[in-house]
Structures are given as structure tokens and as C-alpha cells.
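Chain by chain, the residues run as shown.
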Protein chains: 2
Amino acid sequence: MDLRLVFLGTAGAVPTVDRGPSGLLIIRGGERILVDCGEGTQRQLMRSVGLGRIGTVLLTHLHGDHYLGLPGLFKTLSLQGREETLRLFGPPGLEEMLYVAQRMFGRVQFPVDVAEVNGGVAWQGSGYALRTIRTEHGTPSLAWALEEEWRPGRFHPEKAIALGVEPGPHFRLLQMGHSVVLDSGAVVEPEQVMDEPRPGRKIVISGDTRPTGSLVNLARGASVLVHDATFTEVEKARAVETRHSTAREAAETAAAAGVGLLVLTHVSSRHGWRELTSEARALFPRSVLPSDLDHVVVPFPEKGLPERVRAADVEHPRAREDWPEAAKPV
Amino acid sequence: MDLRLVFLGTAGAVPTVDRGPSGLLIIRGGERILVDCGEGTQRQLMRSVGLGRIGTVLLTHLHGDHYLGLPGLFKTLSLQGREETLRLFGPPGLEEMLYVAQRMFGRVQFPVDVAEVNGGVAWQGSGYALRTIRTEHGTPSLAWALEEEWRPGRFHPEKAIALGVEPGPHFRLLQMGHSVVLDSGAVVEPEQVMDEPRPGRKIVISGDTRPTGSLVNLARGASVLVHDATFTEVEKARAVETRHSTAREAAETAAAAGVGLLVLTHVSSRHGWRELTSEARALFPRSVLPSDLDHVVVPFPEKGLPERVRAADVEHPRAREDWPEAAKPV
């Protein structure tokens, strides 16, 4: 199943010509989960993979650069005729923020299920869970993880056949973890014909935060860790003061957690791409800083490591093809 | 004195890949006036003429696609260390909207002078006035005009010399409209050495509205009329229902008012550039539909007609050169 991240905005609190404020889309098969929604996120979606099919929005915290795109996105989805429920999770304060925001942008025409969360599994999807922990940003703030369920081990049909199992319904029962009784009376157990179960993939998004031990725990063994890297070590004091992380600190967390790829984000325009990545790579070589609209593809562990794909190399339908004819924008 | 418009966003309520929500910058000499501020306006400014020197913001009405960029813009200006007062004018309801918005984006570090207006001259600048009238959009809504003062007529030094006036202070007095008494006792009046006063330029912005007679009056003789052209005549019923104008209706107002250039804006993605401009040009040939970041330059009437300049042809410093070193963004 395809699992990928689309980096919609990778700037810090102040956007630049090249980088928009925070926004990150997780695409898993036919599902889409938006993590944070800074100003302009709806157009970044239009420019890349389209607005459609977002089922869940996760907010890491309630600073404007992480949610000021929400009113416009909701309004556009509403004008497009969206009817499906949208799930929205964020830290305590979310409901009050929405109450205030709704006075600004009016009612939306589709249901929004809102939940303030503080840790634990916020949502159990089909084949994955969305888990959250508290972080340290001087305001209620969360890191998020998408954790896939374990997959059954690989099935070996040749072993089953050797044990006398006929291809067909018995194969299926074994793959689902059930024993089968053959006509001969012999019993074949799944363990005899299948490898060990394999872990799923895990994606962890730090949000804005100082390094924390609980984030290392959450990120342990993750395929991808997307981490606040607002500053370099030259501005360490400022990182401490503003409750952000340096690129080196992000790399320390990535190394301690043993992740497959570290993705730096929320970068200040004080620092160039080269400074940030070389600082992180000195400690954790598999570090990248994406440009806006770059993707990161996340294969199953046995298929390879996660990789950044530049926006220009992504093959994807443009936004406009996503508009249903009946719901063209006003 | 340079007078130009920069089209920051020309989409209707729903932005597209190519067009952002409403935003328009008037540059007059060293002054900058922002008219409406949809989501993403700050980045459009960064991409074109920079964020600096905006003294005044005018809102036409309080629909989200016309002001949802304000919180982010204010926050960025605040982080940049802006200290100068910003003047903000809009229709009744503005103060309540700001009160609500401020709960979302927090305090800004520079003073904002807010005034709800309903018609008349909202601001008397140096050499120009900002005038507003009520329009018809189903919510309190305003059109705005920047009206330059009349300029003195052209001074003819050769006529003054022929009348015995010596170049120097007497020239200056005559140019300022005062009589001068020569050593001979003869009196020279300004009218003897100067042409008739000449009108200044006028720019009118309709905001979102149905056509109204008062808008024709406001736009009479304007150099440029920027007008709502959300739909074509094919969607006239929808224009009436949503209190917008068609391209033809915009052209009717432009023709009735005798303006120098009609600029169509707030266009729905239902309609292409060609449909909208050809509908307007059938009635009013000097009609254009700019792309985002295009400029319209507005010479004094005796120097020529206003012209659209494509973004690619504009020579202008990029945004980053505008950042003072001490106030680089976080």
C-alpha cells in the first residue's frame, strides 16, 4: 500500500517566497490525513495532489502559522459540496479556537467531528492508528504518529502444498491465521507455512518542540521522523528561548530513535538549506530538508528505505482534475 | 509621481492553482495602500514588491476571501519589528471581526488605527483622498476610490520672463498661485504664466457588488476601474443571486463612467480568461483581466492611458531585499 508524505509548507513562523507555513499531507492508500494547516495550504494542495479525500486533520498546536489556513480550506470544501464528515484532532484549546474561527468564516456545510486530545490513540483507522504525545513548546502541543498494524508474515504456498494443502479456501484460512484440518486428518498450523509477522510502517511528526525523551520513545523504529529544525546550533539560545529545536537536536532524536529517515522542517529563513542539512547529516546521515511540494515515499521496510522525491519528479494528477464537474468552484 | 496597482489575488471566493483570493496593492510614490487581504496575500507581496511600507489597508467587505490573510500579514509585520501605525478602514462590523481575529492571532506589536466607515472621505493623504461609498453585496460592502488632488497648470517661464519676472523666488511664488509685484510696480498674476489646473488621477475599486448607479458616479472619469467580474452573462442569474457582477455589467459601468481602463477581477474558475475579456471588450474595448502579480501603471492623463504590465515584465526589487537586516524573520 502506497504511503507517502507531501510537504505543503516547510517554513517557520514567517513564510518566504519559497516556503509556506506549516502543512503536511499523509497519503496512505486512498486515505489522506492533513497535519497542520498554515495559511495557503489549500492552494498548495491544489498545486499538488488536490483537495479531495482528506478524512482527518491533526493539529500539533494552536499557533497561527499552523492553522490559519483552516478557515479557507473549510470554506472551499464547503463550496465544493463536501458532505462527508471531517475528523479534527488537536490539543486542548482546539474547541475554543474553532468557536472563534467559526465566527470569522461562518458555518461549513459538512460535519466536523472535533476532539481535543492529550495523549494516547486518538483514532483507530483501518490498518493504522493515530497516536499522540505531549511535547514542549510553551503552549499545549502534540507530536503525532501514524502507526500501521503488524502485517502477517509471508505465506509460502510451496510449503503448504508439500504438507498436502490444496490451493483454494485452505490457503486463505492459513493466511488469516487459522489452522486447517486436511482430509487425511492431519492438522496444518499457520506457523508451518508463514514467516513471522512483520511490523508496519510508522511516521512520526514532532510539531514545534524542544527535544524530549517521550518523542524519542514515540519515534523509536519509525520509518520517517519529521522534526522541527527551526535553527542551527549557532542559534541554540534562540531555539531554547522560543521552544524550538536545532537541526542537530533533531538529528540526535533521530539517532536515538533509530529512524529510517529524518526530515527537517519548520526552518527559519535565517538559515540556508546547506547549513541545516549538513548540521543534521554530521550526526545522522539520512537527513533531508524538502522543498515545498516535495514528497517522501515510505516503502515497507523489506522493500527499502524512505526517500525524498522532488516535486518536479512526482507523477500525480493536478488539482483541477480532482474537481467533480458538479461542484466547480464559484 | 509613479502610480500603479499590483494584483496580488484575482480569484473569486475559491482560489485556484493560478489565482489567489482577493488582494490589490496601490503604490503611489513611496506610499502603499492594500485593498483587501485574502489568504496568502503576504506571500504574494513577498513574491512581488515586498511587505514593506504599507501604511493603509482598506477592506471592501467582511467575507473571508477578502480578509483571511490579515492575521498572517499582521503577525509577520509584527515579527519583522514594524513600529509604524497601520491604518485600517472597512465597513461596519470591522471592529468586531478584528476583536475575534485577535483572539486567534494574538496581539501585534505595532499600533493599528481602526475605523469603520460607511461613505465619504475616510482618509486625506498627502495629495490624495481615499473616498468610499456603499455598494450592494448583501452584506455591508464598500467601493473605494483613490482620488488625487488637482495639480497646478503647467508654468511657462518664457511668459514670465516676457512680463519682466526674474527667475528665482518670484517664479516659485507664481507656481504656488500667488501674485507677485515687480520692482516696476507692475503686478503679475499666476493665470498670466500658468495653464489651467489639471485633474489628478483616480482609481476606483468596486469590491464585490451588483452594478449600482452610485458606483458609476464614483468611477466617473476615473483612470482605472477595477471591477467585480465573477461571472459571464451565461451565469447572470447566479450573479444576481450571489450579488456579484458579470463581465458585461462591469463593462457597462466602465462605459457609463467613461474610465480609462477597466480591470476585471474576482473571476470564477467557471470562466476562462478569453470568455471574460471578450464579453467585456465587446462593450468596452479597454478591458483587461490581469494574472496574479501583474501591474497596472497609471500615468497622468496627458502622458497616456493606463496599461497592464505583465508580472514577468515588471522590474522591481524582490521581497527579500526589503527585509532590514535586524529584523530577519524567525
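Residues numbered from 1 in each chain as written. Chains lettered and ligands numbered in written order. Predicted model: local features only at pLDDT ≥ 70, side-chain atom pairs only at ≥ 80, totals over all residues. Heavy atoms only, no water.

S.K.: Lay out helix H10 (residues 247-257) of chain A in plain terms, naming residues and giving numbers.
M.R.: All names here are of chain A. Along H10, the residues classified as buried are Ala247, Glu249, Ala250, Ala251, Thr253, Ala254 and Ala257. Where H10 is buried, its residues contact helix H8 (213-219), strand S13 (224-228), helix H9 (236-242), strand S14 (261-265) and helix H11 (273-283). Count one or two residues on from H10 and you reach Gly258, which has phi positive near 65°. (Buried < 20%, exposed > 50% of the residue type's maximum accessible area, 1.4 Å probe, protein only. Helix = DSSP H or I, 4+ residues; strand = E, 2+ residues; numbered from the N terminus. Contact = heavy atoms within 4.5 Å.)

S.K.: Could you give me a rundown of the nonpolar core, with the residues and numbers involved?
M.R.: Counting 67 residues, the largest nonpolar core has A:Leu25, A:Leu88, A:Met97, B:Leu25, B:Leu59, B:Leu88 and B:Met97 as its most contacted members. In contact with A:Leu25, other than residues within four places in its own chain, are A:Arg4, A:Leu5, A:Val6, A:Leu8, A:Arg32, A:Ile33, A:Leu34, A:Leu45, A:Val49 and A:Ile54. (Core = buried A, V, L, I, M, F, W, Y, C linked by side-chain atoms within 4.5 Å.)

S.K.: Outline the domain arrangement of chain A, supporting the account with residue identities and numerical values.
M.R.: Annotation of chain A at the domain level lists domain 1 (3-151 + 198-320) and domain 2 (157-192). Computed over C-alpha atoms, the centres of domain 1 of chain A and domain 2 of chain A are 44 Å apart. (Domains from an automatic or database assignment.)

S.K.: Provide a residue-level description of the interface of chain B and chain A, including the pertinent values.
M.R.: With 43 residues of chain B in contact, the opposing surface of chain A contributes 44 residues. When chain B packs against chain A, the two sides together hide about 3800 Å² of surface, and 57% of this comes from carbon and sulfur. If you look at where chain B meets chain A, you find zero salt bridges. Where the side of chain B that touches chain A is concerned, the elements lending two or more residues are helix H1 (41-47), helix H3 (70-79) and helix H4 (94-105) of chain B. Sort the elements by how many residues they give to the side of chain B that touches chain A and H1(B) lands first, with six residues. Taken together, the residues of the side of chain B that touches chain A sort by class into 17 nonpolar, 13 polar and 13 charged. (Buried area = accessible area lost by both parts, 1.4 Å probe. Salt bridge = Lys/Arg side-chain N within 4 Å of Asp/Glu carboxyl O. Nonpolar A, V, L, I, M, F, W, Y, C, P; charged D, E, K, R; others polar.)

S.K.: Please set out the sheet that holds strand S2 (residues 23-28) of chain B residue by residue, giving values where relevant.
M.R.: Residue and element names in this part refer to chain B. Ordered in space as S6-S5-S4-S3-S2-S1-S16-S17, the eight strands form an open sheet in which the pairing is mixed. Among the strands making up the open sheet, the edge pair consists of strand S6 (112-116) and strand S17 (307-309). Neighbour to neighbour, the strand axes of the sheet diverge by 20° on average, direction disregarded. The sheet contact formed by strand S3 (residues 31-37) and strand S4 (residues 54-58) spans four bridges and is parallel. Across the sheet, the residue bridging to Val35 is Leu58, located in S4. Sheet contacts for H3: S3, S4, strand S5 (86-90) and S6; angle to S5, the most-contacted strand, approximately 170°. Each of S5 and S6 is contacted by H4, which is oriented at about 140° to S6, the strand it contacts most. (Pairing = 2+ DSSP bridges. Axes fitted to C-alpha atoms, helices over the stretch in contact; angles between N-to-C directions.)

S.K.: Break down the state of the cysteines for me, citing the residues and quoting the values.
M.R.: Considering all chains together, one arrives at zero disulfides over all chains under this definition. Here A:Cys37 is not cross-linked by a disulfide; its sulfur's nearest cysteine counterpart is in B:Cys37, at 17 Å. Judged by relative accessible area, B:Cys37 falls into the buried class, the value being 0%. (Disulfide = S-S within 2.5 Å.)

S.K.: Which residues make up the sheet that holds strand S13 (residues 224-228) of chain B, and what are the values?
M.R.: Adjacent strands of a sheet form backbone hydrogen bonds with each other and so pair up, either parallel or antiparallel. Residue and element names in this part refer to chain B. Strand order in the open sheet made by the seven strands is S7-S8-S9-S12-S13-S14-S15, with mixed pairing throughout. The open sheet has two edge strands with one neighbour each: strand S7 (120-124) and strand S15 (287-288). Examined bridge by bridge, strand S14 (residues 261-265) and S15 share two bridges and lie parallel to one another. From the neighbouring strand, Val263 faces S15, where its bridge partner is Val288.

S.K.: Describe H11(A), and please don't skip the residues or the numbers.
M.R.: Residue and element names in this part refer to chain A. Those residues of H11 that fall on the buried side of the exposure criterion are Leu276, Thr277, Glu279 and Ala280. Seen end-on, H11 carries its buried residues on one side only, within an arc spanning 160°. Summarising the geometry of H11, the exposed residues directed more than 90 degrees from the buried face are Arg274 and Ala282. Next to the buried residues of H11 lie H10, S14 and strand S15 (287-288). (Arc of directions from axis to C-beta.)

S.K.: Pulling in residues and values, what's your account of the packing of H10(A) against H11(A)?
M.R.: All names here are of chain A. Between H10 and H11, whose axes approach to 8 Å, the crossing angle comes to 30°. The handedness of the crossing between H10 and H11 comes out as right-handed. Each of Ala247, Arg248, Ala251 and Glu252 in H10 lies in contact with H11, whose residues at this interface are Leu276, Glu279, Ala280 and Leu283. Taken together, the residues of the contact of H10 with H11 break down into five nonpolar, no polar and three charged. (Left-handed = near helix turned anticlockwise from the far one by under 90°.)

S.K.: Please give an account of the side chain of B:Thr132 that cites residues and values.
M.R.: Residue and element names in this part refer to chain B. Inspection of the secondary structure assignment puts Thr132 in strand S8 (residues 128-134). Polar side-chain contacts of Thr132 include one of 2.8 Å to the backbone oxygen of Ala143. Every residue in contact with Thr132, bar those within four places of it in the chain, is listed here: Val117, Gly119, Gly120, Leu142, Ala143 and Trp144. (Polar contact = N/O pair within 3.5 Å; in protein donor to acceptor, adjacent residues only side chain to side chain.)

S.K.: Please give an account of the pairing of strand S3 (residues 31-37) of chain A that cites residues and values.
M.R.: Residues and elements named next belong to chain A. Of all seven residues in S3, six are buried, a share of seventy percent or more. As paired strands, strand S2 (residues 23-28) and S3 are joined by six bridges and run antiparallel to one another. When the bridges of S3 are listed, Arg28 appears paired with Glu31. Between S2 and S3, which follow one another and run antiparallel, lie two residues, and Gly29 among them has a positive phi close to 55°. As a crossover connection, the stretch from S3 through helix H1 (residues 41-47) into strand S4 (residues 54-58) is right-handed. (Right-handed = clockwise from strand over helix to strand, strands pointing away.)

S.K.: Before we move on, can you summarise the relation of the copies chain B and chain A with the specific residues and values?
M.R.: By a simple turn and slide, chain B fits onto chain A: the slide is 0.0 Å along the axis, the RMSD is 0.1 Å, and the turn is 180°. Interpreted geometrically, this transformation is the action of a two-fold axis. For chain B, the residue whose C-alpha comes nearest the rotation axis is B:Gly40, separated from it by 2.6 Å. An overlap of 100% is found between the interface residues of chain B and their copies at the interface of chain A, pointing to a shared contact surface. (Least-squares fit on C-alpha atoms with pLDDT ≥ 70 in both.)

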